[in-house]
Amino acid sequence: MSTSVAIKRGTAVAAVPPTVPRPRVRAVPRAAAPRPGEDVYTELTSALFSGFARRDQRLKAEQYLHGLLTAQGRKSIRNIAAQIGGPAAEQSLHHFISSSTWDWQPMRAALGRFLERGGHPQAWVVRPMPIPKAGEHSVGVDRRFDPERGQVFQGQQAFGVWFAGEELSAPVNWRLFLPDPWVKDRTRRDRAEVPDEAGEETLEECAVAAALDTARWTDITRKPVLLDIRGGAGRAALTRLAAAGVPVVARIGAGSRLAIADRSLPGFGAGPLPAAQILESLKGLRRPVSWVDTVGGARTSRTSLATAVRVALPSPGGERMRPLMLLGEWDDPRRGPARVWISDLTQATVGSLLRLTKLAQRVDRDFAAVGEEAGLRDFVGRSYRGWHRHITLASAAHTATVLGSAWDAAGYGTRRAAG
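Thresholds, definitions, all that
- Residues numbered from 1 in each chain as written.
- Predicted model: local features only at pLDDT ≥ 70, side-chain atom pairs only at ≥ 80, totals over all residues.
- Heavy atoms only, no water.
- 1 Å grid on protein atoms, 1.4 Å probe; cavity = no way out; pocket = protein on both sides within 12 Å on 5 of 7 lines; lining within 4 Å.
- Points joined across faces, edges and corners; volume = space filled by probe spheres on them.
- Helix = DSSP H or I, 4+ residues; strand = E, 2+ residues; numbered from the N terminus.
- Salt bridge = Lys/Arg side-chain N within 4 Å of Asp/Glu carboxyl O.
- Buried < 20%, exposed > 50% of the residue type's maximum accessible area, 1.4 Å probe, protein only.
- Contact = heavy atoms within 4.5 Å.
- Expected span 1.5 Å × (residues − 1).
- pLDDT = per-residue confidence, 0-100.

The chain appears in an unreviewed UniProt entry as ISXo8 transposase from Streptomyces hydrogenans.

Listed below in C-alpha cells is the structure:
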C-alpha cells in the first residue's frame, strides 16, 4: 500500500506557555509578556484540558504538552519530565500517560473542533505512519513493508486523520494497527492492555475506520476524506464511507477497472476498462488547472494538466452502479496520467478536485517539518493506552506549532498585544 493511505491495524510544577511555533525552545519565564503564538497555546490548553474533572490531571496534561514543545531530542517521558522536575516528575507523568483512566477520545474531538475554528480545513487526509522499533514488546510491533522507504522494517503502523487546508494541516485522530500475532495472542494483549474491541482488520479497513471514527464526533463538519486505496479492496472502502455519508477522494491504481457513465463519450457501454485507458482515450479533454503550493513558506502558483470523467464501479449481481468521478493528472503530456483518483463528489469541478488532492502533499510536508519534532513517533512504552494518550498530546503540540506559525504570519499575536 502506498504512502498516502492508511494501513491495517514529585512536585507539581505549573507549565509556563512555551514560545510557539518552534517546538524546541526554552520555556518563557513566568514574568515575561506574552509573545506571538502564546495566544494559541493558551486557548488550545483551555479547549483541550477543560474536560478533566481533576485539577491534577489538567496540570499534568499541561506539563506534558509543555515538555513536548520544549524538550530536546526524543520526546520520551524521561526527557519531558526533565523539563519540569526530574525523577519524581517522570514517575508522575508515566502514571498519567500509561496507567491513568482518562479517555483520549474527548480530547481528540475537542482538538478537531479547535482546528475547525482556527485552521479552516478543506479535507481529512488519512495518512499512514510507520514507527520503527528496536524491541519486540511495544504494542503492535511486527515486521512489515514500508512502501515509503521501499524496505522491510520492524515496528508499529498507525493511521492518522489530518485536518488539512492549503496553509496548514494537523492530526486529530489515530488508529493503531494490530497485526495477527497481536490480535490472537491473549498474553500479549493482556500485557499491553489492549481492549477487547480492538480486533482483526485489514490495513485498508484500519484506514477507513479511522476516518469513520472521526465522522462520529459531534459539532464537526464532515469534509472529503482523502486516502489511498491502491492495492486494497477499493469497493469495500468506498461503500463503507458512502454508507456513513462521508464524501471521499481516493487514489486508485491505473489498472483499476471502471465503466464510463457519460453516454456522450467514446467507450460508453464497452464495459469495465482500466482507469488509465479511459483517461488516455479522453486526453484531448485535458486542460491546465492552476493550484497554489504554500508548503515552502511562500505562495507559489503551479499548473497541472488534468481531466475528469463520470464513471461507475462495476457491480456484481447486476446491482445499479453508483456514479463517480474519475480524475487524472499528468506530469508529462506525452505519457500516461501520473496520478489517478476517484471521487463521489460528482458535481465538483476538475480544478476543485485536483486542488483537494494536493492537500496530501501538505500533510506529508507538515509531518516531516513539524510532526516529527512534536514527538508523534516518540512514545517509549508497551501500553496501548499510553501510546494513544501520548500521540493525542503530541498532536496537540503539532497543532500549537502550526497554528502559532500561521497566526504569527498573519500578525494575529501582534494585533492582540497591541489591542
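It is worth spelling out empty space enclosed by the protein at this point. Estimated volume of the largest cavity: approximately 120 Å³. Glu166, Trp291, Val292, Asp293, Thr294, Val295, Arg355, Lys358, Leu359, Gln361, Arg362 and Arg365 are the residues that line the largest cavity. Take the lining of the largest cavity: its biggest share by element is four residues, from helix α12 (residues 359–374).

For the rest of this paragraph, the subject is the pattern of salt bridges. Tallied over the entire structure, the rule returns 22 salt bridges. For Asp228, the salt bridge identified is with Arg230, shortest N-O distance 2.6 Å. Judged by its relative accessible area of 0%, Asp228 falls in the buried class. It is possible to trace a salt-bridge network through shared partners that takes in Arg175, Glu201, Asp213 and Arg216.

Here the focus is the environment of Phe96. With respect to the helices and strands, Phe96 occurs in helix α4 (residues 87–99). As a C-alpha pair, Phe96 and Asp56 span 40 residues in sequence and 9.8 Å in three-dimensional space. Other than its neighbours up to four places away in sequence, Phe96 contacts Phe52, Gln57, Lys60, Ala61, Trp102, Arg389 and Leu393.

What follows deals with helix α8 (residues 203–215). Helix length check: α8, at 13 residues, gives a terminal C-alpha distance of 19 Å against a target of 18 Å (1.5 Å per residue), a fit within 8%. Of all 13 residues in α8, 10 are buried, a share of seventy percent or more. Within the sequence span of α8, burial applies to Glu204, Cys206, Ala207, Val208, Ala209, Ala210, Ala211, Leu212, Thr214 and Ala215. Contact partners of the buried residues in α8: β1 (123–132), β3 (151–164), β4 (169–176), β5 (225–228) and α9 (234–243).

What follows concerns the confidence of the model for the chain. Across the chain, the average pLDDT comes to 85, with 85% of residues at or above 70. Mean pLDDT per element in the chain: helix α14 (residues 412–418) is the minimum at 35, and β4 is the maximum at 98. This stretch, residues 19–36, has a pLDDT under 50; its non-local contacts, to residues over four places away or in other chains, come to 44 contacts. For residues 409–419, every residue scores under 50 in pLDDT, and the model assigns this stretch nine contacts once sequence neighbours within four places are set aside.

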